[in-house]
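Fold and geometry: a report
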Number of protein chains: 2
Amino acid sequence: MDIIFNKGGITAPEGFLASGVHCGIKKCKKDIAVVYSRVPAAAAGVFTTNKVKAAPLKVTMENLKNRKAQAIVVNSGNANACTGEDGLKDAKEMAELTAKQLKCGVEDVVVASTGVIGVKMPMDKVRDGIVKCCSTVSKEGGSDAACAIMTTDTFKKEVTVSMNIGGKKITIGAMAKGSGMIHPNMATMLCFISTDARIKEDALEKALRLATARSFNMISVDGDTSTNDMAVIFANGLAGNRLIEQETEDFDEFYRGLEIVCVELAKMMVKDGEGATKFMEVEVKNAPDDLSAVMAARSITRSNLVKTAIFGEDANWGRIICAVGYSGVDFDPNLVDIYISGKGGELMLAQNGMGIDFSEDKAKELLKEKDIKVIVDLKQGCGHATAWGCDLSYDYVKINGSYRT
Amino acid sequence: MDIIFNKGGITAPEGFLASGVHCGIKKCKKDIAVVYSRVPAAAAGVFTTNKVKAAPLKVTMENLKNRKAQAIVVNSGNANACTGEDGLKDAKEMAELTAKQLKCGVEDVVVASTGVIGVKMPMDKVRDGIVKCCSTVSKEGGSDAACAIMTTDTFKKEVTVSMNIGGKKITIGAMAKGSGMIHPNMATMLCFISTDARIKEDALEKALRLATARSFNMISVDGDTSTNDMAVIFANGLAGNRLIEQETEDFDEFYRGLEIVCVELAKMMVKDGEGATKFMEVEVKNAPDDLSAVMAARSITRSNLVKTAIFGEDANWGRIICAVGYSGVDFDPNLVDIYISGKGGELMLAQNGMGIDFSEDKAKELLKEKDIKVIVDLKQGCGHATAWGCDLSYDYVKINGSYRT
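Throughout this document, residue positions are counted from 1 along each chain, in the order its sequence is written. Here chains are named by letter from A upward and ligands by number from 1 upward, in the order in which they appear as written. In keeping with the predicted nature of the model, local features appear solely for residues at pLDDT of at least 70, side-chain atom pairs appear and are counted solely at 80 or more, and the whole-chain, interface and lining totals rest on all residues. Water and hydrogen atoms play no part in the side-chain values, which are based on all heavy atoms of the structure.

By definition, any uninterrupted DSSP run of H or I lasting at least four residues is a helix, any uninterrupted run of E lasting at least two residues is a strand, and each is numbered from the N terminus. Check the secondary structure of chain A and you find 11 helices and 16 strands. As a reference, a globule follows 2.2 Å times the number of residues to the power 0.38, and the radius of gyration itself is taken over C-alpha atoms. By the compact-globule yardstick of 22 Å for 405 residues, chain A fits well, its C-alpha radius of gyration being 22 Å. C-alpha atoms of chain A, sized along the principal axes, occupy 70 × 55 × 35 Å. The burial tally for chain A puts 63% of its 405 residues in the buried class. For chain A, the proportion of contacts with a sequence separation of at least 24, taken over those separated by at least 6, is 79%. Taking the 50 positively charged and 53 negatively charged side chains of chain A as two groups, their mean positions are separated by 6 Å. Summary of the burial criterion: residues with accessible area below 20% of their type's maximum are buried, those above 50% are exposed, and those between are partly exposed, where the area comes from a 1.4 Å probe applied to protein chains only. A contact between two residues is defined here by any heavy atoms of the two lying within 4.5 Å. Only four residue types enter the charge count, namely Lys and Arg as positive and Asp and Glu as negative; His and the chain termini do not. To locate a charge, take atom NZ for lysine, CZ for arginine, CG for aspartate or CD for glutamate.

Below is the structure:
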């Protein structure tokens, strides 16, 4: 079935409203957003694996236990992380105030924050911002909300797809922020997804977990996992489709749409990676198993030596096989083939673990492109994975090496 | 008992001779070295954990199985890695020729290489070099040998210590190369240690494994583990001390000396880290156990965000606690205290997982120093570890981002 890219972002699906305003956490840019579903929605979330979890994550994890939610409140400019008991109180108050304004249950509010770590939330400003946001939610407000969650992002990240499931049009909309955990004290990634699909809670959670594993968990900008990462999905059922359950064709179709949304957002984050001048897609094929393929692909995208080689347009396959070598994957180096590819075609650099006499000019030509694909064929199984990353440039050091507030 | 720092490097202990010459693998710098013990020595080695192992490592691992050796042959400029069967033949020939020239058993020769990956060894030049080296080994040749194993190192790395064990003077000498796996296709670390101590093979191996774990395995320049890493120790017994066995005072004393040698060399490598402008020592104390402390300390020294913060002289404790958070260590973030210290004293940045109102001026003053110490107190056990690293500077990108042959 066809999946059509669409417009509208988080408010594209039936029954979703949003708003984004400036309340003064940041100097002048929008810094607080609210998303609201006209009816309570099935909800699921995935959260950072970092042992250090910001206060809003704790509140949201608690509120999502019943797998229902109706509203999201997010601020940028302050992560409300490493803020102790006060931070937890502030995060709870954000949920309470949002619930009061939108007349929904406090346990139906998702709270998220991104920004400086270890600084108390300026609650006076936040309170005003929440009231302002809740009173201005609209179908058109999705774009403002997407702007309000940005930190060092250089562009707004929205994706919308529509598909037909069981004769009904289903829309999935999403907004995200993230360009690597880059700015001093800034956290990484937030993703909010809305859909009007009718789907069972357990199926929705399964779909989100799987899609996250194949998208956000496969990108690496600097290898640092933040204290505030979160991806949340709301499904309000207003499309009126027959209920989507696990292990059905409807589920597979819905999953396909969700994965496309998450992969597109993940690629946007990498392309917006701090100081990134090149986008790198790494495909590992014929690994002993899928997990091995994932480990190898991520090890390559994370290697500073591969990243700097890509920046330097250097066909340095030795660094690539070396990164697979220390990835923890059990493989036979003497079987490995390595290729690079781009618009200009495909070029084999190494065969059976040894360099071949490839055309330096052809390599230069391919590496000059902005989007570079690396293909590693382990030739010892049918495990497969794709990871995305960016190069490591002077600007990465510049952005991260100078203190800013 | 006193341990005295001494001079002489690899040839300082009784009965060791060495030589280093230029044979043409590199344009003009010395590129081949030989170390020789007048008598067969007890020997032990530790090797890279990378699944991709260079040919010389395979030969050396085989030759060290009997825990005896008498000679070392090392070349720089070509890693003889990812070179297939030919590479293995070349590494074996290096051992055979060295054995023939020095009249020792071929299985008593340690072979090592460092340099470009995936290029066939220029054996004509290597053969001449080996003959030249073997015919010129001398007590004074240690320094030439230390020069001949350098690749992108900016200074020669030698350490010598002497101590008194059971009434006899014992000397440990060493040479190493390594400044991060930095130059395109260049491999990381080689370390060769000689001692005139009489020590049982199993005790020698235990001492080397432990000392390596607490030194070379605790440094991180760019997190990449090379295909050629190797640390080898020879103990020829010419000091005439009573045989050192495990679990004796003599062993503890010998180990203390060996650990000092390895830690000194490890610090030299980090200080020579590509583009490094600052040296960082990270001490993690009161962790649940020693392994947790090691994981936390290494995660901090490896974090690009911590490294760039140190480069930027930014007291960014949020990035430090975040790196502990994703290190895999089980700890309570609400107990963590973080300090920085230097010649100018010590400053607490965070207490019980929260930022405190520290003096920005004092922090700036401490971070301006070249050697910076970070102390992380987890306050939940008695595990302890120290790791060493460097900052991430523009020059790292410059060195690694431009193609060179």
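Don't stop here, the text continues.
All names here are of chain B. Across the nine residues that make up strand E6 (residues 157-165), a large majority, seven, are buried. Strand pairing is defined by DSSP finding a minimum of two bridges between the two strands. As judged from the three bridges shared by strand E1 (residues 3-5) and E6, these two strands associate in the antiparallel manner. Bridge assignment links Phe5 to a residue of E6, and that residue is Val161. Of the pairings in the sheet, the one linking E6 to strand E7 (residues 168-177) comprises nine bridges and is antiparallel in character. Bridged to Lys157 within E7 is Ala176. Taking the residues between adjacent antiparallel strands as the criterion, E6 and E7 are bridged by two residues, where Gly166 takes a positive phi near 55°.

This next bit is on the pattern of salt bridges. All names here are of chain B. Should a side-chain nitrogen of Lys or Arg be within 4 Å of a carboxyl oxygen of Asp or Glu, the pair is scored as a salt bridge. What the rule picks out here adds up to 44 salt bridges over all chains. Across the salt bridge formed by Asp250 and Arg242, the nearest N and O atoms sit 2.6 Å from each other. Taking relative accessible area as the criterion, Asp250 reaches 11% and is therefore assigned buried. With its nearest N and O atoms 3.0 Å apart, the salt bridge here joins Glu313 to Lys278.

Residue and element names in this part refer to chain A. Put simply, a disulfide is two cysteine sulfurs that come within 2.5 Å. Using the criterion set out here, one finds zero disulfides over all chains in the structure. With no disulfide of its own, Cys28 lies 13 Å from the sulfur of Cys23, the closest cysteine sulfur. A relative accessible area of 65% places Cys28 in the exposed class.

Residue and element names in this part refer to chain B. Axes, fitted as lines to C-alpha atoms, cover a helix only where it is in contact. Angles between the N-to-C directions of the axes lie from 0 to 180 degrees. At a minimum axis distance of 8 Å, the contact between helix H1 (residues 55-63) and helix H2 (residues 84-102) shows a crossing angle of 50°. Between H1 and H2, the interaxial angle falls into the category oblique. Helix-helix and strand crossings are classified by hand; for H1 and H2 the assignment is right-handed. Along the contact surface, H1 presents Ala55, Pro56, Lys58 and Val59, while H2 presents Gly87, Leu88, Ala91 and Lys92. Basically, the charged four are Asp, Glu, Lys and Arg, the nonpolar ten are Ala, Val, Leu, Ile, Met, Phe, Trp, Tyr, Cys and Pro, and anything else, Gly included, counts as polar. Class assignment of the residues belonging to the contact of H1 with H2 gives a composition of five nonpolar, one polar and two charged. Relative orientations are named as follows: roughly parallel for angles under 35 degrees, roughly antiparallel for angles over 145 degrees, roughly perpendicular for angles from 65 to 115 degrees, and oblique for any other angle. We call a crossing left-handed when the near helix sits turned anticlockwise from the far one by less than a right angle, and right-handed when that turn is clockwise.

A word on H1(B). Given 3.6 residues per helical turn, the α-helix brings residues three or four places apart onto the same face. Among the residues making up H1(B), those that are buried are B:Ala55, B:Pro56, B:Leu57, B:Val59, B:Thr60 and B:Asn63. Lining the buried residues of H1(B) we find strand E3 (32-47), strand E4 (68-78), H2, strand E5 (109-116) and strand E10 (230-235) of chain B.

Take unusual backbone geometry next. Although it is not a glycine, A:Lys103 sits at a positive phi angle of roughly 55°. Relative to the assigned elements, A:Lys103 resides in the loop between helix H2 (84-102) and strand E5 (109-116). Residue B:Asn352 is not a glycine yet carries a positive backbone phi of 50°. Here B:Asn352 shows up in the loop between strand E13 (345-351) and strand E14 (354-355). Residue classification places B:Asn352 among the partly exposed residues on the basis of a relative accessible area of 32%.

This part takes up the confidence of the model for chain A. In this model, chain A carries an average pLDDT of 91, and 94% of its residues clear a pLDDT of 70 or more. In this model residues 181-187 of chain A is a low-confidence stretch, pLDDT under 50, and it forms 41 contacts with partners more than four residues away in sequence or in other chains. Confidence of the predictor at the level of single residues is captured by pLDDT, which takes values from 0 to 100.

Let us look at the pairing of strand E3 (residues 32-47) of chain A. All names here are of chain A. Of all 16 residues in E3, 12 are buried; the element is thus mostly enclosed. As paired strands, strand E2 (residues 16-21) and E3 are joined by six bridges and run antiparallel to one another. The partner of Gly20 across the bridge, within E3, is Ala33. Pairing between E3 and strand E4 (residues 68-78): seven bridges, direction antiparallel.

A contiguous patch of negative charge, built from A:Asp357, A:Glu360, A:Asp361 and A:Glu365, is present on the exposed surface. Mapping A:Asp361 onto the fold places it in helix H10 (residues 360-367). Surface patches are drawn from residues lacking salt bridges whose relative accessible area is over 30%; two like charges belong together within 9 Å, two nonpolar side chains (Val, Leu, Ile, Met, Phe, Trp, Tyr) within 5 Å. In these tables, accessible area is a Shrake-Rupley quantity obtained with a 1.4 Å probe, and a residue counts as shielded only by the protein chains included in the view.

All names here are of chain A. Pairs were defined over the aromatic rings of Phe, Tyr and Trp, the Trp ring being its six-membered one, requiring ring centres within 6.5 Å. Orientation was assigned from the angle between planes: stacked under 30 degrees, edge-to-face over 60, tilted for the rest. Applying the stated criterion across every chain, the model contains zero aromatic pairs over all chains. In this scheme, the term charge over a ring applies when either NZ of a lysine or CZ of an arginine sits within 6 Å of the ring centre and within 35 degrees of the ring normal. Between the NZ or CZ atom of Lys157 and the centre of the ring of Phe155, over which it lies, the distance is 4.4 Å. If you follow Lys271 out to its NZ or CZ, it ends over the ring of Phe279, 4.7 Å from the centre.

Take helix H9 (residues 317-325) of chain B next. For H9(B), the buried fraction is high: nine of the nine residues fall into the buried class. Among the residues of H9(B), B:Trp317, B:Gly318, B:Arg319, B:Ile320, B:Ile321, B:Cys322, B:Ala323, B:Val324 and B:Gly325 are the ones counted as buried.

It is worth spelling out the side chain of B:Asn236 at this point. All names here are of chain B. Looking at where Asn236 falls in the secondary structure, it is placed in the loop between E10 and helix H6 (249-271). Here the side chain of Asn236 touches Leu238 through a polar contact of 3.1 Å, landing on its backbone nitrogen. Contact partners of Asn236, with chain neighbours within four places excluded, come to Glu14, Gly15, Phe16, Ser37, Val39, Pro40, Ala41, Thr195, Asp196 and Ala197. Here a polar contact means two N or O atoms within 3.5 Å. Within protein one must be a hydrogen donor candidate and the other an acceptor candidate, and residues neighboring in sequence count only if both atoms are side-chain atoms.

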